Number of protein chains: 2
Amino acid sequence: MADESLFDFLHMEIVSHMYTEQQSSKGEMDNKDRAVCVSVLESMGFRVGQGIIERLTRDSPSFKDELDVMKFVCKDFWTKVFRRQVDNLRTNHQGTYVLQDNKFSFLTQLSSGKQYLDQAPKYLAFSCGVVRGALSNLGMDSVVTAEVSVMPSCKFQVVVQKL
Amino acid sequence: MADESLFDFLHMEIVSHMYTEQQSSKGEMDNKDRAVCVSVLESMGFRVGQGIIERLTRDSPSFKDELDVMKFVCKDFWTKVFRRQVDNLRTNHQGTYVLQDNKFSFLTQLSSGKQYLDQAPKYLAFSCGVVRGALSNLGMDSVVTAEVSVMPSCKFQVVVQKL
């Protein structure tokens, strides 16, 4: 519980630091500035995700296919990082996966009304990176995006990049 | 355990981000650049410390004096944030306190040889802020510094600012 709040507070601080810094250097933020913040947070998340999955899969058997990896991420990895399992996993069997978390832990700190809906993306960039980093270490290059329509529920879309 | 590593990885990332950013904008870092990094990390820590102590003392009785506050910080607060109690608390009874942690959790990730001793301050700025933030919320303005002579042992010095 305390470690959770330690992480939560630090995560909030970082998001706010990135945005404040970007804003104060320019006065006002345009879409490009926002993209810079998102990208920095996402790449931090990427490396954190890599680190965590590395520890988590140290003693795991190898995975038999892509879906098997995704199931591990939705269950074991999600529980470790986001404190619960993904509620719903869907796929088109062509490399696109939708992971729905009905009570996404990074959003439960924010009010669940519509008021802060436009603030949600700030708090999802890091998480998208975490997921992408984990998948990358398991051999899956992907693009991960997140979407919130009703707080604190969140849908992550993973599109695996085929080479 | 996982939440710990989540926090640990994020903390490492932030430290590295701050230093890389400062370095890349200038080429090389001088003492002033280092001071900027330390100050940013310290103030992040400050706000995190405030948040944590606020939750932690919500149901606590009030403290009878300064030493009582320090004991709470060394025991309950330290355990929550740094996962163990302070090993030794000393004071000159004039507002200076030395808190010794023989196995400081933010340093146990680093190799315990002398090799990374000069890197240690980077990883202590945030912690100093956390302690200062907690004390500040309990009504004690202070200056908090940290010193490492043998890893992963760490001495925090708290000097209470009398008005």
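Just so it is clear, the structure is predicted and the values come from calculations on it, not from any experiment.

**Q** How should the overall build of chain A be read in this particular structure?
**A** In terms of helices and strands, chain A carries four helices and four strands. Seen in sequence order, chain A has helices and strands lined up from the N terminus as α-α-α-β-β-α-β-β. By the compact-globule yardstick of 15 Å for 163 residues, chain A fits well, its C-alpha radius of gyration being 16 Å. Taking the principal axes of its C-alpha atoms as reference, chain A extends roughly 50 × 35 × 30 Å. When the 163 residues of chain A are sorted by exposure, 47% land in the buried category. Total accessible area computed for chain A in this model is approximately 8200 Å², and 47% of it derives from carbon and sulfur atoms. Each charge class in chain A can be summarised by its mean position, and for the 19 positive and 20 negative side chains these summaries are 3 Å apart.

**Q** Please clarify how the packing of helix α3 (residues 66-82) of chain B against helix α4 (residues 125-137) of chain B should be interpreted in this entry.
**A** When two helices pack together, you describe them by how their axes are tilted relative to each other and by the distance separating the axes. All names here are of chain B. At a minimum axis distance of 11 Å, the contact between α3 and α4 shows a crossing angle of 130°. Taken together, the axes of α3 and α4 are oblique relative to one another. Pair α3 / α4 crosses with right-handed handedness. From α3, V69, M70, V73, F77, W78, V81 and F82 reach across to α4, where they touch S127, V130, V131, A134 and L135. Of the residues contributing to the contact of α3 with α4, the split by class is 11 nonpolar, one polar and no charged.

**Q** Mind showing me how you'd approach the nonpolar core here?
**A** Here is a general trend for soluble globular proteins: nonpolar side chains tend to be buried in one another's company. L107 of chain A together with L107 of chain B are the most contacted members of the largest nonpolar core, which has 100 residues in total. For L107 of chain B, the residues in contact, after removing those within four places along its chain, are A120, Y123, L124, V148, M151, P152, S153 and C154 of chain B.

**Q** Would you mind going over the sheet that holds strand β4 (residues 154-160) of chain B with me for this structure?
**A** Within a beta sheet, neighbouring strands are joined by backbone hydrogen bonds and run either parallel or antiparallel to one another. Residues and elements named next belong to chain B. Strands sit in the order β1-β2-β4-β3 across an open sheet of four strands; the sheet is antiparallel. Both edges of this open sheet fall to β1 (88-91) and β3 (142-147), since each of them pairs with a single strand only. This sheet shows a mean twist of 15° between the axes of neighbouring strands, independent of strand direction. With six bridges joining them, β3 and β4 adopt antiparallel strand pairing. Looking at the pairing, E147 lines up with K155 of β4. Its contacts with the sheet place α3 against β1, β2 (96-101) and β4, and it is angled at close to 15° to β2. Docked against the sheet, α4 engages β3 and β4, running at close to 150° with respect to β3.

**Q** Looking at this model, I keep getting lost on empty space enclosed by the protein. Mind explaining?
**A** Rolled over the atoms, a probe as big as a water molecule pinpoints where empty space is left. Residue and element names in this part refer to chain A. Applying the stated criterion to the full structure yields one cavity of 30 Å³ or more. Looking at the largest cavity, the residues that line it are F7, D8, H11, M12, F106 and Q109. Classifying every residue of the lining of the largest cavity by side-chain character gives three nonpolar, two polar and one charged.

**Q** Whenever I open this one, the relation of the copies chain B and chain A confuses me. Can you help?
**A** To go from the first copy of the chain to the second, apply a rotation about an axis and then a shift along the same axis. Rotating chain B by 180° about the axis while translating it 0.0 Å along that axis superimposes it on chain A, leaving an RMSD of 0.0 Å. Such a combination of turn and shift is consistent with a two-fold rotation axis. When C-alpha distances to the rotation axis are compared across chain B, the minimum falls at F7 of chain B, with a value of 2.5 Å. Residue by residue, 100% of the interface of chain B is reproduced at the interface of chain A, so both copies engage with the same surface.

**Q** Help me out: how do you make sense of the interface of chain B and chain A in this one?
**A** At the interface, 27 residues of chain B touch 27 residues of chain A. Looking only at chain B, the three residues that lose the most surface to chain A are L6, F9 and L10 of chain B, adding up to 23% of its buried area. Scanning the region where chain B abuts chain A turns up two salt bridges. With its nearest N and O atoms 2.7 Å apart, the salt bridge here joins R47 of chain B to E13 of chain A. On the surface where chain B and chain A come into contact, there are two residue pairs in polar contact (both at pLDDT 80 or more). Of all the elements in the fold, those that place two or more residues in the side of chain B that touches chain A are α1 (2-26), α2 (31-56) and α3 of chain B. Considering each element in turn, the side of chain B that touches chain A owes the most residues, 14 residues, to α1 of chain B. The residue inventory of the side of chain B that touches chain A, partitioned by class, reads 14 nonpolar, five polar and eight charged.

Reading the values: rules and limits
- Residues numbered from 1 in each chain as written.
- Chains lettered and ligands numbered in written order.
- Predicted model: local features only at pLDDT ≥ 70, side-chain atom pairs only at ≥ 80, totals over all residues.
- Heavy atoms only, no water.
- Helix = DSSP H or I, 4+ residues; strand = E, 2+ residues; numbered from the N terminus.
- Rg over C-alpha atoms; globule rule 2.2 N^0.38 Å.
- Buried < 20%, exposed > 50% of the residue type's maximum accessible area, 1.4 Å probe, protein only.
- Areas by Shrake-Rupley, 256 points an atom, 1.4 Å probe, with all protein chains shown as cover.
- Lys, Arg positive; Asp, Glu negative; His and termini not counted.
- Charge placed at Lys NZ, Arg CZ, Asp CG, Glu CD.
- Axes fitted to C-alpha atoms, helices over the stretch in contact; angles between N-to-C directions.
- Parallel < 35°, antiparallel > 145°, perpendicular 65-115°, else oblique.
- Left-handed = near helix turned anticlockwise from the far one by under 90°.
- Contact = heavy atoms within 4.5 Å.
- Nonpolar A, V, L, I, M, F, W, Y, C, P; charged D, E, K, R; others polar.
- Core = buried A, V, L, I, M, F, W, Y, C linked by side-chain atoms within 4.5 Å.
- Pairing = 2+ DSSP bridges.
- 1 Å grid on protein atoms, 1.4 Å probe; cavity = no way out; pocket = protein on both sides within 12 Å on 5 of 7 lines; lining within 4 Å.
- Points joined across faces, edges and corners; volume = space filled by probe spheres on them.
- Least-squares fit on C-alpha atoms with pLDDT ≥ 70 in both.
- Buried area = accessible area lost by both parts, 1.4 Å probe.
- Salt bridge = Lys/Arg side-chain N within 4 Å of Asp/Glu carboxyl O.
- Polar contact = N/O pair within 3.5 Å; in protein donor to acceptor, adjacent residues only side chain to side chain.

All we've got here are geometric facts, nothing functional implied.
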